[in-house]
Amino acid sequence: MDRPFQILGLQQIAVGAASKEPLRRLWVDMLGLAPAGHFVSEKENVDEDIVLLGSGPFQVEVDLMQPLDPARSPQVDQPALNHVGLWVDNLVVAVEWLTAQGVRFAPGGIRKGASGHDIAFLHPKANEAFPIGGAGVLIELVQAPAEVIAAYRGA
């Protein structure tokens, strides 16, 4: 299959819990990831701490999320592994091509993510109109900046 884009590598994982405290204790205190930021969105029902693993263009973001309102959707703590983010070299082309292949995307289209990169989410479930989904996993495609693309391509 001639794919007009390339998935370069892992950009992030997002984990959720009713409270971020046990997540911070594990990921920051026990595993030593570095705190890097904080993001809150009423629309996305999330209060998230951003921590980092590694450095440079291969750095991986780990989002530690708790819902602002546990009774409201989306429930960012269900499942605990909320989503996986993948660097892509050309997000617009990837979304167009994948959609034409029958891949289902979550509502919202391409938009700015919490880290400032353009993103789009593959829906975890397929449907009749789009027979390919994330096989139970919410997958975030993240537009890689030029330095990340160059690093993954060995330039």
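Definitions and limits used
- Residues numbered from 1 in each chain as written.
- Predicted model: local features only at pLDDT ≥ 70, side-chain atom pairs only at ≥ 80, totals over all residues.
- Heavy atoms only, no water.
- Buried < 20%, exposed > 50% of the residue type's maximum accessible area, 1.4 Å probe, protein only.
- Helix = DSSP H or I, 4+ residues; strand = E, 2+ residues; numbered from the N terminus.
- Arc of directions from axis to C-beta.
- Polar contact = N/O pair within 3.5 Å; in protein donor to acceptor, adjacent residues only side chain to side chain.
- Pairing = 2+ DSSP bridges.

1. Quick notes on helix α1 (residues 20-30)
Lys20, Leu23, Trp27 and Val28 are the residues of α1 that are buried. In a view along the axis of α1, the buried residues occupy a sector of 90°, so they form one face of it. Summarising the geometry of α1, the exposed residues directed more than 90 degrees from the buried face are Arg25, Asp29 and Met30. A distance of 3.2 Å separates the backbone nitrogen of glutamate 21 from a side-chain oxygen at the start of α1, and that oxygen is part of serine 19. Within two residues after α1, glycine 32 carries a phi angle of roughly 85°, on the positive side.

2. Re the sheet that holds strand β1 (residues 7-16)
Within a sheet, each strand pairs with its neighbour through backbone hydrogen bonds, oriented either parallel or antiparallel. Read from one edge to the other, the open sheet built from 8 strands follows the order β2-β3-β4-β1-β5-β8-β7-β6, with strand pairing classed as mixed. The outermost strands of the open sheet, each flanked by one partner alone, are β2 (34-41) and β6 (111-112). For β2 and strand β3 (residues 46-53), the ladder comprises 7 bridges, and the chain directions are antiparallel. Across the sheet, the residue bridging to glycine 37 is isoleucine 50, located in β3.

3. Brief notes about unusual backbone geometry
Cis geometry is adopted by the peptide bond preceding proline 74, which originates at serine 73 and carries an omega value of -5°. Here proline 74 is to be found in the loop between β4 (60-66) and β5 (81-88). A cis amide bond links glutamine 78 to the next residue, proline 79, at an omega of -5°. Structurally, proline 79 can be placed in the loop between β4 and β5. Unusually for a residue other than glycine, asparagine 45 sits at a positive phi of about 55°. Counting through the fold element by element, asparagine 45 comes out in the loop between β2 and β3. By relative accessible area, asparagine 45 is classed as buried at 0%.

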